[in-house]
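Now for the letters of each chain:
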Amino acid sequence: MEEPLTTSPAFERLMALGCQTLWRAGQSFSPDGRHIGITPVLPRLLRQAGLVDVQLRSSVIEWSMGTEQHYPVLKDFLIGLELVLPFLERLGLATQAALTTLYQQAVAELQQEDCCALWPLLTVWGRAPVPGTPEE
């Protein structure tokens, strides 16, 4: 997965800080820290692991206000943010006070009636080659 897309400026800023933190920590495939960078490399990683017939399927979860997925996805992201905020602070990207303010703004913005949110996902799969076949 990559970070979700929303109409919340505070949530978008938190996601950007999270991507930048992963990049600085060497835990990102992004060339510049603007995204996580895992989705473009997943097919290659599966092929490098020896899988063949690698395939992809994209999907998206809409978790805009008023949708069935809004509160379950919002809850998961808010829990995740609470867990990652100390890591963001430790890497010096923002102070605890600034992160707390952003978090509170994101909570408020994501619960507005006009909040729109999408979470693009990529599923990648392959199969192990059959021993003794040309694809092995």
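The shown structure was predicted, so the numbers you read here are calculated from the model rather than taken from an experiment.

A.B. asks: Break down the packing of aromatic side chains for me, with residues and values.
C.D. replies: Summed over all chains, the structure comprises four aromatic pairs. The interplanar angle of 75° and the centroid separation of 5.8 Å between the aromatic rings of phenylalanine 11 and tryptophan 63 together place this pair among those described as edge-to-face. Taken together, the positions of phenylalanine 11 in helix α1 (residues 9–24) and tryptophan 63 in the loop between β2 (52–62) and α3 (70–90) put the pair 52 residues apart, joining distant regions of the chain. For the pair phenylalanine 77 and tryptophan 119, a centre-to-centre distance of 4.9 Å together with 65° between the ring planes defines the contact as edge-to-face. Highlighted residues: phenylalanine 77 in helix α3 and tryptophan 119 in strand β3 (residues 117–127), separated in sequence by 42 residues. Residue classification places tryptophan 119 among the buried residues on the basis of a relative accessible area of 17%. Taken together, the ring pairs in this structure connect Phe11, Trp63, Phe77 and Trp119 into an aromatic cluster.

A.B. asks: Provide a residue-level description of unusual backbone geometry, including the pertinent values.
C.D. replies: Unusually for a residue other than glycine, aspartate 53 sits at a positive phi of about 50°. Turning to its location among the elements, aspartate 53 is positioned in strand β2.

A.B. asks: Please give an account of the side chain of threonine 21 that cites residues and values.
C.D. replies: Position of threonine 21 among the secondary structure elements: in helix α1. Classification of threonine 21 as buried rests on a relative accessible area of 1%. Ignoring any residue separated from it by four or fewer positions in sequence, one finds threonine 21 in contact with Phe87, Leu88, Leu91 and Leu93.

A.B. asks: Lay out the pattern of salt bridges with the relevant residues and their values.
C.D. replies: Inspection of the entire model under this criterion finds two salt bridges. The partner of arginine 34 in a salt bridge is aspartate 32, and the shortest N-O contact between them spans 3.6 Å. In this structure aspartate 32 comes out as partly exposed when scored by relative accessible area, which is 34%. Between arginine 127 and aspartate 53 there is a salt bridge, and its shortest N-O distance comes to 2.8 Å. Here arginine 127, found in strand β3, pairs with aspartate 53, found in strand β2; they are 74 residues apart in sequence, far enough to count as distant. For aspartate 53, a relative accessible area of 43% gives the class partly exposed.

A.B. asks: Account for the environment of arginine 90, naming residues and giving values.
C.D. replies: You can see arginine 90 is positioned in helix α3. Taking the C-alpha atoms as reference, arginine 90 lies 9.5 Å from threonine 21; in sequence the two are 69 residues apart.

A.B. asks: Give a description of the environment of arginine 13 that names residues and reports values.
C.D. replies: Positionally, arginine 13 belongs in helix α1. Each C-alpha atom of the pair arginine 13 and serine 59 lies 24 Å from the other, and the pair is 46 residues apart in sequence.

A.B. asks: Go over α3, please, and point to the residues and values.
C.D. replies: Spanning 21 residues, α3 covers 30 Å between terminal C-alpha atoms, matching the ideal 30 Å at 1.5 Å per step. Residues of α3 that are buried in the fold lie against α1, β2, α4 (96–110) and β3. Among the residues trailing α3, glycine 92 stands out with phi positive, at a value near 80°.

A.B. asks: Tell me about the packing of α1 against α3, residues and numbers included.
C.D. replies: In a pair of packed helices, the angle between the axes and the distance between the axes together describe the arrangement. Their axes nearest at 11 Å, the elements α1 and α3 cross at an angle of 50°. By the criterion of interaxial angle, the relationship of α1 to α3 is oblique. Taken as a pair, α1 and α3 cross one another with a handedness that is left-handed. Across from Phe11, Leu14, Met15, Leu17, Gly18 and Thr21 in α1, the residues of α3 making contact are Phe77, Leu81, Leu85, Phe87 and Leu88. Of the residues assigned to the contact of α1 with α3, the class counts are nine nonpolar, two polar and no charged.

Here is what the cut-offs are and how they apply
- Residues numbered from 1 in each chain as written.
- Predicted model: local features only at pLDDT ≥ 70, side-chain atom pairs only at ≥ 80, totals over all residues.
- Heavy atoms only, no water.
- Phe/Tyr/Trp six-rings, centres within 6.5 Å; stacked < 30°, edge-to-face > 60°.
- Helix = DSSP H or I, 4+ residues; strand = E, 2+ residues; numbered from the N terminus.
- Buried < 20%, exposed > 50% of the residue type's maximum accessible area, 1.4 Å probe, protein only.
- Contact = heavy atoms within 4.5 Å.
- Salt bridge = Lys/Arg side-chain N within 4 Å of Asp/Glu carboxyl O.
- Expected span 1.5 Å × (residues − 1).
- Axes fitted to C-alpha atoms, helices over the stretch in contact; angles between N-to-C directions.
- Parallel < 35°, antiparallel > 145°, perpendicular 65-115°, else oblique.
- Left-handed = near helix turned anticlockwise from the far one by under 90°.
- Nonpolar A, V, L, I, M, F, W, Y, C, P; charged D, E, K, R; others polar.

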